[in-house]
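# Inside the fold
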Amino acid sequence: MTTRSRLTPEREAELYEAVLDLLREVGYDALTMDAVATRTRSSKATLYRQWRGKPELVATALRHSKPVNVGDIDTGTLRGDFHAMLDETDDCQMERDSALMRGLAQAIHGNPDLHEALRELLIEPEITGLDTLLRRAVERGEVSADNPALDFVPHMLVGAFVARQMIEDRLPDRAFLTQYIDAVVLPALGV
């Protein structure tokens, strides 16, 4: 990633919000650096100086929109940590994020650069944060270090988002995810 010293944090936040708005409006494939430049009254040259291209800009915008780093949450219990994760969002934001992620999931299949950027800038940091949260639970003795479910917590959490819409034709919300964590994730971990 190149240096972003020329943009103020406020200007960067404006750019990221514009990128996410455009993603919701037109989807990843139709999103262009020209459209971002026009929407933000920037030049394409400025955008390309700051980000290598559309995949990196989109992934960075998504990362910036995350309210908190999962690894920074530490309530003293795994159940508390998972519930605190959910407290960082509301149902409206979750609905907006779900729509974005569905669109990006389709775009990933035809765009390896997008997949790489999302893994590097969004997915890996989230998994690292989740690993930190789970490691603390093991250190506290809440979860056995040899529990095989530890390797599948990211899969369980992502699965909740995907399965609810497929099975019930309803978007996941905080109430559903709270029940899911308490009924599926925590028991699988022996909590």
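The preceding data block contains the structure.
Values in this document were obtained by computation on a predicted structure and should not be read as measured data. Numbering of residues starts from 1 in each chain and follows the order in which that chain's sequence is written. pLDDT decides what is reported in this predicted model: residues at 70 or higher carry local features, side-chain atom pairs at 80 or more are listed and counted, and totals for whole chains, interfaces and linings draw on all residues regardless. Values reported for side chains reflect all heavy atoms of the structure, with hydrogen atoms and water molecules removed beforehand.

### Some words on the packing of helix α5 (residues 78–87) against helix α9 (residues 174–188)
The condition that has to hold: In this analysis an axis means a line fitted to C-alpha atoms, helices contributing only their contacting stretch, and an angle means the value between N-to-C directions, from 0 to 180 degrees. In this text, helices come from DSSP runs of H or I with a minimum length of four residues, and strands from runs of E with a minimum of two, each type numbered from the N-terminal end. Roughly parallel means an angle under 35 degrees; roughly antiparallel means over 145; roughly perpendicular covers 65 to 115; every other angle is labelled oblique. Here is the rule for handedness: rotate from the far helix to the near one, and if that takes an anticlockwise turn smaller than a right angle the crossing is left-handed, while a clockwise turn gives right-handed. Residues are treated as being in contact if the distance between any of their heavy atoms lies within 4.5 Å. Under the convention adopted here, Pro, Cys and the residues Ala, Val, Leu, Ile, Met, Phe, Trp and Tyr are nonpolar, Asp, Glu, Lys and Arg are charged, and Gly plus all remaining residues are polar.
Direction vectors running N to C along α5 and α9 enclose 155°, while the axes themselves pass 10 Å from each other. Relative to α9, the element α5 is oriented roughly antiparallel. Judged by the sense of rotation from one axis to the other, the crossing of α5 with α9 is right-handed. Contacts from Leu-78, Arg-79, Phe-82, His-83, Leu-86 and Asp-87 of α5 reach α9 at Arg-174, Leu-177, Thr-178, Ile-181, Asp-182, Val-185 and Leu-186. By residue class, the composition of the contact of α5 with α9 is 7 nonpolar, 2 polar and 4 charged.

### Topic: the pattern of salt bridges
As a reminder, the rule being used: When a carboxyl oxygen of Asp or Glu is within 4 Å of a side-chain nitrogen of Lys or Arg, the pair counts as a salt bridge. Burial classification: accessible surface area is computed with a 1.4 Å probe over protein chains only, and a residue below 20% of its type maximum counts as buried, one above 50% as exposed, and the rest as partly exposed.
Per the counting criterion, the structure on display carries 17 salt bridges. Across the pair Lys-44 and Asp-34 runs a salt bridge whose closest N-O atoms are separated by 3.4 Å. Highlighted residues: Lys-44 in helix α3 (residues 44–50) and Asp-34 in helix α2 (residues 33–40), separated in sequence by 10 residues. The class of Lys-44 is partly exposed, set by a relative accessible area of 36%. Relative accessible area serves as the criterion here: at 44%, Asp-34 is assigned to the partly exposed category. Notably, a salt bridge pairs Asp-173 with Arg-164, separated by 3.5 Å at the nearest N-O pair. What you see here is one network of salt bridges that share partners, running through Asp-74, Asp-81, Arg-136, Arg-140 and Glu-142.

### A look at the packing of aromatic side chains
Cut-off, in case you're wondering: The aromatic pairing rule takes the rings of Phe, Tyr and Trp, using the six-membered ring of Trp, and pairs them if the centres are within 6.5 Å, calling planes under 30 degrees apart stacked, those over 60 edge-to-face and the rest tilted.
Enumeration over the complete set of coordinates arrives at 2 aromatic pairs. With centroids separated by 5.8 Å and ring planes inclined at 65°, the aromatic side chains of Tyr-16 and Trp-51 adopt a geometry described as edge-to-face. Placement of the pair is Tyr-16 in helix α1 (residues 9–26) and Trp-51 in the loop between α3 and α4 (54–64), with a sequence separation of 35 residues.

These figures come from the coordinates and say nothing about function on their own.
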